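Analysis of the macromolecular model
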Amino acid sequence: MGFTTVLVTGATSGFGLASARLFAEHGYSLIITGRRSERLKALAEELSVKVPVHCVTLDVRDARAVSDMVDALPESFRNIEVLVNNAGLALGAGPAWEASLEDWHTMIDTNVTGLVNVTHKLLPILRAQPKAAIINLASVAANWAYPGSHVYGGSKAFVAQFSRNLRCDLAGSGVRVTSLEPGMCETEFSLVRFKGDQAKSDSIYQGVNPLRPEDIADIILWIAQQPAHININSLEVMPTSQAWDNFKVVRTAD
Ligand code: NDP
Ligand code: 8X3
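Residues numbered from 1 in each chain as written. Chains lettered and ligands numbered in written order. Predicted model: local features only at pLDDT ≥ 70, side-chain atom pairs only at ≥ 80, totals over all residues. Heavy atoms only, no water.

1. So, the packing of aromatic side chains
Under the criterion given, the structure shown has four aromatic pairs. Between F158 and F162, the aromatic rings sit 5.4 Å apart at their centres with planes inclined by 15°, giving stacked as the arrangement. Placement of both F158 and F162 in helix α5 (residues 150-170) is noted, with a separation of four residues, approximately one turn of the helix. Over the ring of Y152 we find R193; its NZ or CZ atom is 5.4 Å from the centre of that ring. (Phe/Tyr/Trp six-rings, centres within 6.5 Å; stacked < 30°, edge-to-face > 60°. Helix = DSSP H or I, 4+ residues; strand = E, 2+ residues; numbered from the N terminus. Lys NZ or Arg CZ within 6 Å of the ring centre and 35° of its normal.)

2. Remarks on the site of ligand 1
Around ligand 1 sit 29 residues in total, of which T12, S13, R35, Y152 and T187 are the nearest. Separating an oxygen atom of ligand 1 from a side-chain N or O atom of T12 is a distance of 2.7 Å. Protein chains shield 97% of the accessible area of ligand 1, which is 880 Å² for the free molecule. If you list the elements that add at least two residues to the shell around ligand 1, you get α1 (14-25) and α5. Looking at the shell around ligand 1 residue by residue, the classes come out as twelve nonpolar, eleven polar and six charged. (Near = heavy atom within 4 Å. Polar contact = N/O pair within 3.5 Å; in protein donor to acceptor, adjacent residues only side chain to side chain. Areas by Shrake-Rupley, 256 points an atom, 1.4 Å probe, with all protein chains shown as cover. Nonpolar A, V, L, I, M, F, W, Y, C, P; charged D, E, K, R; others polar.)

3. Regarding the pairing of strand β2 (residues 29-34)
For β2, the tally of buried residues reaches six of six residues, placing the bulk of the element in the interior. Pairing geometry for strand β1 (residues 5-9) and β2, over five bridges, is parallel. Bridging from a neighbouring strand, V8 pairs with I32 of β2. Note on the crossover from β1 through α1 to β2: the handedness is right-handed. Note that β2 and strand β3 (residues 53-57) share five bridges and pair parallel. Pairing of G34 across the sheet is with T57, part of β3. (Buried < 20%, exposed > 50% of the residue type's maximum accessible area, 1.4 Å probe, protein only. Pairing = 2+ DSSP bridges. Right-handed = clockwise from strand over helix to strand, strands pointing away.)

What follows is the structure in structure tokens.
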């Protein structure tokens, strides 16, 4: 029997890295992508003792590079059945008026345009499989407003709604689509959000007992392994220590 092939975007860290490792443990062949080549190469070396691995340095914002990467796939990696659309980031957590426009564009280019680039290119391949799955990394920020989330949350709301809309078009094709919506999980996410400020990143997770990337990888594998007739539409998950808070009410002095 052949391997089932999974493509993971953003496999150099966090959810993508943990998912690639877990899929390899479960005998899937892997296409791993991300911008940091050294990390990709090291991961490919680690996993290729277990399963076939193809690694490609890729910036998902570059539609041409995404297209070329897929066109150049070796024959044995072409029948992709699982797409984990994971590459993404938040930049900044301050109020909207203090945010840089460049950061806003980077989030939109990565979380929205990048995810669309990869999905568009892979749809013909996925539709040709008897059974396939697209697992899109949205966020609790897609569903719940919080201060400082502005464009990040907006970009993830796009991912959640795009996932639901894709479901409509793909119904009957055998391609399942899931919007996975995690809350606080300790990865490099906050380090990136706070532009390399390790102390600030650490303070986010201090005393919280957040989700671990391996928890999310378990959920991703579980979604991918559902029987063909089951579609997990959306799945929101938080650490037990995270919950919603009150609406903000601004009162005047008198
Ligand atoms: P990490 O920062 O640990 O990992 C992000 C991954 O995305 C890296 O592998 C990075 O690779 C890749 N990436 C970023 N930009 C690009 C790009 N332009 N092209 C290709 N790859 C890119 O964060 P997480 O693992 O936590 O995040 C993964 C996803 O989950 C993101 O979409 C994030 O928004 C989402 N998420 C995270 C949550 C959390 O609390 N951690 C909660 C909910 C959702 P490289 O830098 O090598 O390109
Ligand atoms: C990241 C999760 O809670 O920081 O998507 O918005 S949160």
